[in-house]
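Here's the letter readout for the chains.
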Amino acid sequence: MADENKTAAQPTFEQQLAQLEQIVNQLEQGDVPLEQALTAYKQGITLSQQLEKTLKDAEQTVTNMVTDDGQVKPFDPKADA
């Protein structure tokens, strides 16, 4: 049950991307104190890694297909031709 609440509270890909863009813009302005800039940088790295994982997972999902008997196999467009 705790995992369900944790998942529900997880921001969407779009929300994470917007947050990363906000961090990048803030750091590009250059008027952030060093300690705050380092914290924002670390948060940006974490967000970037999460976004990359989400994209890789999505790519894996898209490149797999489920057969009639429920087996998951890589998608091969030449197999149906």
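Up top is the structure.
The structure contained in this document is the topic of the report that follows. Bear in mind that the values here come from a model prediction, so they are computed numbers and not experimental data.

Okay, the overall build of the protein chain next. For the protein chain, the count of helices and strands is 3 helices and 2 strands. Going through the 81 residues of the protein chain one by one, you find that 11% of them count as buried. For the protein chain, long-range pairs separated by at least 24 residues make up 37% of all intrachain contacts whose partners lie at least 6 apart in sequence. If you sum the accessible surface of the protein chain, you get close to 7000 Å²; carbon and sulfur atoms cover 54% of it.

Another point: helix H2 (residues 13–29). Note that an α-helix has 3.6 residues per turn; residues three or four places apart therefore point the same way. Helix length check: H2, at 17 residues, gives a terminal C-alpha distance of 25 Å against a target of 24 Å (1.5 Å per residue), a fit within 8%. For H2, the complete set of buried residues consists of Gln 16, Leu 20 and Ile 23. When H2 is viewed along its axis, its buried side chains cluster within an angular range of 60 degrees and face the same direction. Those residues of H2 that are exposed and aimed more than 90 degrees away from the buried face are Glu 14, Gln 22, Glu 28 and Gln 29. On its buried face, H2 sits against helix H3 (34–62).

Core analysis: the biggest nonpolar cluster contains 5 residues, these being Leu 20, Ile 23, Ala 40, Leu 47 and Leu 51. Breaking this core down by element, the ones donating at least two residues are H2 and H3. For this core, the element with the most residues is H3, which contributes 3 residues. If we skip the residues at most four places from it in the chain, Leu 20 touches Gly 44, Leu 47, Ser 48 and Leu 51.

This brings us to the pattern of salt bridges. Per the counting criterion, the structure on display carries 2 salt bridges. The salt bridge involving Lys 56 is made with Glu 52; its shortest N-O contact spans 3.5 Å. Placement of the pair is Lys 56 and Glu 52 together in helix H3, with a separation of 4 residues, close to one helical turn. Here Lys 53 makes a salt bridge to Asp 57, at a shortest N to O gap of 2.8 Å. With a gap of 4 residues between them, Lys 53 and Asp 57 both fall in helix H3, about one helical turn apart.

This paragraph deals with the environment of Thr 61. With respect to the secondary-structure elements, Thr 61 resides in helix H3. For Thr 61, a relative accessible area of 58% puts it in the exposed group. For the pair formed by Thr 61 and Val 72, sequence separation is 11 residues and the distance between their alpha carbons is 9.8 Å.

Calculation notes
- Residues numbered from 1 in each chain as written.
- Predicted model: local features only at pLDDT ≥ 70, side-chain atom pairs only at ≥ 80, totals over all residues.
- Heavy atoms only, no water.
- Helix = DSSP H or I, 4+ residues; strand = E, 2+ residues; numbered from the N terminus.
- Buried < 20%, exposed > 50% of the residue type's maximum accessible area, 1.4 Å probe, protein only.
- Contact = heavy atoms within 4.5 Å.
- Areas by Shrake-Rupley, 256 points an atom, 1.4 Å probe, with all protein chains shown as cover.
- Expected span 1.5 Å × (residues − 1).
- Arc of directions from axis to C-beta.
- Core = buried A, V, L, I, M, F, W, Y, C linked by side-chain atoms within 4.5 Å.
- Salt bridge = Lys/Arg side-chain N within 4 Å of Asp/Glu carboxyl O.

None of this, on its own, says anything about what the molecule does.
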